[in-house]
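The lines below spell out each chain.
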Amino acid sequence: MDQHNLILGLVERYPELEGCLTDVDTVGNERDLFRKQDFLEMQPGFRKLHQHGFHIRSHHGETWRTLRYGIQAVDNAMNIWHIDRLEHGLSLGINPNYYFHSIMQRVLEWNRKGRGVPLGSMEAFELEDMDWKEHGGVLGKIMDGDPLSDDEVREFSRVKFYAAREVERYQHDVLNRMIDKGVSITSLPSSNQRLTTSLPDYKDHPFSWWERKNVRQGVGTDNYITLDTDYLQELVILLLSDPKNLKITKLLMVATGEARRPYLSKLLWDMG
Ligand SMILES: [Zn+2]
């Protein structure tokens, strides 16, 4: 509340700031801050800023303990803080089937070599979050590195399948609510690629997929000094993330906010 009052006090003391101070943003390590109560603390302050016309942004869905928590963080930011803009949002763009399947393949590879799953690793968190029901013994063997029988591998595969399906449903539900509410997502590709392990390559960035789903989008650099990048470079990265389907005119429309496609096309032609 102290920070919120400071911001509102500034606008009151210096009315000329009104058109310049328009948004507040929250940034930080989100891995352990995904629960409802983590968001409730700042809710009254954001409500007050909202009433004074401020837009609320937050950096969420970039890193997570489990993908489900990564989605939950976005869900809570949307429901409790009523954000207008989400920065990163990768947890809403990762394909859960692919994500969980690659975890399983990695873990099975270790298991064949008699290696267990390192405690505190992303694989360990995801495996422990799955619903093993009466098959806790299989989880135990995986964690310890006791080689699995063929039947146990099949059981692992089944548990993984249901985990992926449940997370996928939750993900689509949150993404659809975001689209309904008109909350936009800002893509920050350099940051996503370097700070998470869930985006193996730039081509895995979901920008183009979101574009096809009609998500309101934006582009940014996150922290251009630390990441040694700039806005144009981020645009080029996004363009190359899906060179077949993403058109430069479409990307420029997102980046500039210019909605007249023919006008942008003309500018591009004129450059030639
Ligand atoms: Zn960030």
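(A) Spotlight on the pairing of strand β2 (residues 55-60). Counted residue by residue, β2 has 5 buried out of 6 residues, so it is predominantly covered. In this structure, strand β1 (residues 23-26) lies alongside β2, joined through 4 bridges in parallel fashion. Its bridge partner lying in β2, Val24 is registered against Ile56. As defined by bridge partners, β2 adjoins strand β3 (residues 85-88) across 4 bridges and the pair is classed as parallel. Each residue of the ladder has a partner; that of Ser58, found in β3, is Leu86. The β-α-β motif built from β2, the intervening helix α4 (residues 67-80) and the parallel element β3 has right-handed crossover chirality.

(B) The environment of Glu166, seen in detail. Here Glu166 shows up in helix α8 (residues 150-181). Measuring from C-alpha to C-alpha, the distance between Glu166 and Leu6 comes to 43 Å, with 160 residues separating the pair along the chain.

(C) Summary view of the sheet that holds β2. If you walk across this open sheet you meet the 5 strands as β1-β2-β3-β4-β5, and the pairing is parallel. Looking at strand neighbours, the two that pair on one side only are β1 and β5 (217-219), the edges of this open sheet. Ignoring which end each strand starts from, the neighbouring axes of this sheet average 25° apart. Judged from the 3 bridges that link them, strand β4 (residues 184-187) and β5 form a sheet pairing that is parallel. When the sheet's bridge partners are listed, Ile185 is paired in β5 with Gln217.

(D) Structural view of unusual backbone geometry. Although it is not a glycine, His82 adopts a positive phi angle of roughly 55°. Within the element layout of this structure, His82 appears in the loop between α4 and β3. You can call His82 partly exposed: it has 14 C-beta atoms within 10 Å. Here Lys133, not a glycine, exhibits a phi torsion of approximately 45°, which is positive.

(E) Up close: the domain arrangement of the protein. For the protein, the domain assignment lists domain 1 (21-94 + 172-271) and domain 2 (97-163). Using only C-alpha atoms to locate each centre, domain 1 and domain 2 end up separated by 31 Å. Listed by partner, the interface residues are 7 residues for domain 1 and 5 residues for domain 2. By residue class, the composition of the side of domain 1 that touches domain 2 is 2 nonpolar, 3 polar and 2 charged.

(F) Spotlight on the packing of helix α7 (residues 136-144) against α8. Running from amino to carboxyl end, α7 crosses α8 at an angle of 100°, the nearest separation of the two axes being 10 Å. Relative to α8, the element α7 lies roughly perpendicular. When α7 is examined against α8, the residues Val138, Lys141 and Ile142 are found in contact with a partner set consisting of Glu152, Glu155 and Phe156. For the contact of α7 with α8, a count of residues per class yields 3 nonpolar, no polar and 3 charged.

Parameters and conventions
Residues numbered from 1 in each chain as written. Predicted model: local features only at pLDDT ≥ 70, side-chain atom pairs only at ≥ 80, totals over all residues. Buried ≥ 20, exposed ≤ 12 C-beta atoms within 10 Å, placed from the backbone. Helix = DSSP H or I, 4+ residues; strand = E, 2+ residues; numbered from the N terminus. Pairing = 2+ DSSP bridges. Right-handed = clockwise from strand over helix to strand, strands pointing away. Axes fitted to C-alpha atoms, helices over the stretch in contact; angles between N-to-C directions. Domains from an automatic or database assignment. Contact = placed C-beta atoms within 7 Å. Nonpolar A, V, L, I, M, F, W, Y, C, P; charged D, E, K, R; others polar. Parallel < 35°, antiparallel > 145°, perpendicular 65-115°, else oblique.

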